[in-house]
Amino acid sequence: MFKSIRWKFITIYFTLVFIAMAIVGVFIIQKFEAYHLNVSSERLNMVAKDYILPGIQKIPPGVSLEDGREEFQKVIDRWSTGFFREEIFIIKKDFEIIATNNPGFNGENAIDELEDVLIVEGFKGQIVEKDKISRDPTQDATKNLVFPIIRNEKVEGVLYLRDNLTDIYETLNKSKRILTQATFLALAITVLLGYLIAKSVTEPINDVTKKAAHMAKGDFDQRVEIKSDDEIGKLAEMFNYLTEKLKTTLGEISSEKSKMETILNYMADGLIAVNMDGKIIHANPKAMEMLKINQEVFTEGDYDGIFEKLNEKLSLKYIKTYNESWIGSEVININESIYKASYAPYKNERNERGGLVLVIQDVTEQQRLENMRREFVANVSHELKTPITSIKSYTETLLSGALEDKNISERFLKVIHDESNRMARLVRDLLQLSNFDYRQTELSKERKDLAKLIKQSVMKLEMAAKNKNQRLEFVTEEEEMFGYFDHDRIEQVLLNIISNAIKYTEEDGEVKVHLEKEDGNAVLSVKDTGIGIPKEDLPRIFERFYRVDKARSRELGGTGLGLSIAKEIIEAHSGTIEIFSEVGEGTDVIIKLPLEENVV
Ligand code: ADP
């Protein structure tokens, strides 16, 4: 409580007024005392010098002090007839008081009654003065003045004058009391005024302090009342301005923060921030999902504990030791997924390195496409290499003399012819796929009878089936089934699927083509009793160049592109193609094709 400005104000005012009053009081009392003592001294001198001593001198020098007692008494009485205050004594050499205006002292020994030192000094011819102020209140304060009485050039006696100072000291004491009372009154007024002045200063300050405390708790709707135009008013004005500024700034920061949080929460990449001590300070939901860390592990925040297991080069320990720039990227493999983690340092508020920010991207698809691209190039080169090698070796043999032998040349030229056909087929298939990839394939759809087209395709392949002693049949309850489709392309698909069924079915087997209508779609099934496709190969069967048994397929003249082209064509017609198969039991290829144009 006493620490408050209010109390400091009051204490300072109180002390100042007290000191001022004390100084003034002491000064006045001293001056007052000195003045009265002086007045008393002047009066005694005047009495002695102007009346008594000249009176004494008038007495003839022949009359001794002893003899002239009465004469001297007369001098004193003459003076003392009116109002008088001072006591007058004439003392002769043996200290006897021979004349006085205080009858009680007449004939008494002066040494017993008066100041002996002064009397002695007087007999030495000195004029001496002394104030006798006793601490004892029963003894009166007096002013004593002694003059030597010089007659016949000798000190015959002394004139002793005494003035009672009690009145003066009483007045002085009264004055002191009045001054003390005045001081108390002044101090009381000071305390009151000090309190009021301090209040006018501290109240606005207290108001500001209280409102600042509310602000610290997050309530920025605080305004203080501006009551004056002085420094305190300015402080209140500044406080209101500061509140307003803080409110808008915090609003902006919070909106920025919420924006950032939304971005971080919904971004497709994972983001982790870690401080210099290796503690994770932020991880967005995507990062947790990618790294399969739950909130608990994140709350523990041991960055190195997580990353040392995934890729040691991403651990803070490793980066601190081996990567001066703290910038880099690494690959992380988690289960089937591949992630690229790029990192860079961030700065703290002192513009020093504050930690690391790690952005994790899912590059699984990218990697898969890259692998597919590499595989595709390798496949194409491989597929072309085989026929080119055989064409090259046969032509070389022919050139080196085999041409002479008609039989051999014919056989060799047939091989060369077959191989170049094979290459042509491959290039044709590749071109067709590339056109699909670059969306350059224009389908020329027309309203045609699908049942008729299937029948014709089956007929085209009847010979091939017959050669393998297989039963190839087309079963349908529909006499005709009109729909919008690209006749040639669908025929290409049909020939590929049915010929595959024939190719991959042993002799004496059976291939059954079935067509029906279901919800406006044509549903075509090509079912064989062939070798079937192993389960693990089924998911990849539509990939380019994918073949279950490469040697067998090549032997049978396949390029491994047939099914992928079929899939592209069917999907371009908004249809679907699926393969169901059991090894040793057979394969069933099911194609669903929308018949109506508007569906396409
Ligand atoms: P290919 O030119 O080799 O026949 P496809 O793309 O037409 O190429 O077929 C890919 C692979 O799918 C074939 O190599 C074969 O292993 C398998 N396959 C396709 N159809 C059948 C089927 N009816 N029975 C068994 N395997 C088949």
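Note that this is a predicted model, so its numbers are computed, not measured.

A. Fine view of the environment of His36. Relative to the assigned elements, His36 resides in helix H1 (residues 5–58). The spacing of His36 and Ile189 is 153 residues in sequence and 33 Å in space, taken between C-alpha atoms.

B. Representation of the sheet that holds strand E14 (residues 510–518). If you walk across this open sheet you meet the five strands as E12-E14-E15-E17-E16, and the pairing is mixed. Either end of the sheet is taken by a strand with one partner, and the two such strands are strand E12 (471–476) and strand E16 (576–582). When the angles between neighbouring strand axes are averaged without regard to direction, this sheet yields 15 degrees. Bridge count between strand E15 (residues 521–528) and strand E17 (residues 586–594): seven bridges; the pairing is antiparallel. Looking at the pairing, Val523 lines up with Lys592 of E17. Together, E16 and E17 form the strand contacts of helix H16 (residues 562–572), whose direction differs from that of E16 by roughly 140 degrees.

C. Structural view of the pairing of E14. Inspection of the sheet shows E12 paired to E14 by six bridges, in the parallel sense. For Thr476, the partnering residue across the bridge sits in E14 and is Leu515. Bridge analysis of E14 against E15 gives eight bridges, and the strand direction is antiparallel. Bridge assignment links Glu518 to a residue of E15, and that residue is Asn521. Here E14 hands over to E15 after two residues, with Asp519 in that stretch at a positive phi of 50 degrees.

D. Examining the site of the ligand more closely. As a matter of local geometry, the ligand sits amid 20 residues, with Asn500, Asp528, Ser553, Thr559 and Leu563 nearest to it. In the model, a nitrogen atom of the ligand is placed 3.3 Å from a nitrogen or oxygen of the Thr587 side chain. Alone, the ligand offers 530 Å² of accessible surface; in the complex the protein occludes 97% of this. When atoms are counted within 2 Å of each cavity's grid points, the one that captures over half of the ligand is the largest pocket. Of all the elements, helix H14 (residues 487–503) adds the most residues to the shell around the ligand, at four residues. Here the residues of the shell around the ligand are counted per class, giving eight nonpolar, nine polar and three charged.

E. Layout of the packing of aromatic side chains. Taken as a whole and judged by the stated rule, the model has nine aromatic pairs. Look at Phe9 and Tyr13: their rings are 6.0 Å apart centre to centre, the planes differ by 80 degrees, and that puts the pair in the edge-to-face class. Taken together, the positions of Phe9 and Tyr13, both in helix H1 and four residues apart, correspond to about one turn of that helix. On the basis of relative accessible area, Tyr13 is assigned to the partly exposed category, the value being 26%. Ring plane angle 45 degrees and centroid distance 4.7 Å describe the contact between Tyr318 and Tyr322, whose orientation is recorded as tilted. Here the residue Tyr318 and the residue Tyr322 both occupy positions in helix H10 (residues 316–322), the gap between them amounting to four residues, near one helical turn. Linked through ring pairs, Phe89, Phe105 and Tyr160 together constitute an aromatic cluster.

Calculation rules
Residues numbered from 1 in each chain as written. Predicted model: local features only at pLDDT ≥ 70, side-chain atom pairs only at ≥ 80, totals over all residues. Heavy atoms only, no water. Helix = DSSP H or I, 4+ residues; strand = E, 2+ residues; numbered from the N terminus. Pairing = 2+ DSSP bridges. Axes fitted to C-alpha atoms, helices over the stretch in contact; angles between N-to-C directions. Contact = heavy atoms within 4.5 Å. Near = heavy atom within 4 Å. Polar contact = N/O pair within 3.5 Å; in protein donor to acceptor, adjacent residues only side chain to side chain. Areas by Shrake-Rupley, 256 points an atom, 1.4 Å probe, with all protein chains shown as cover. 1 Å grid on protein atoms, 1.4 Å probe; cavity = no way out; pocket = protein on both sides within 12 Å on 5 of 7 lines; lining within 4 Å. Sits in = over half its atoms within 2 Å of the grid points. Nonpolar A, V, L, I, M, F, W, Y, C, P; charged D, E, K, R; others polar. Phe/Tyr/Trp six-rings, centres within 6.5 Å; stacked < 30°, edge-to-face > 60°. Buried < 20%, exposed > 50% of the residue type's maximum accessible area, 1.4 Å probe, protein only.

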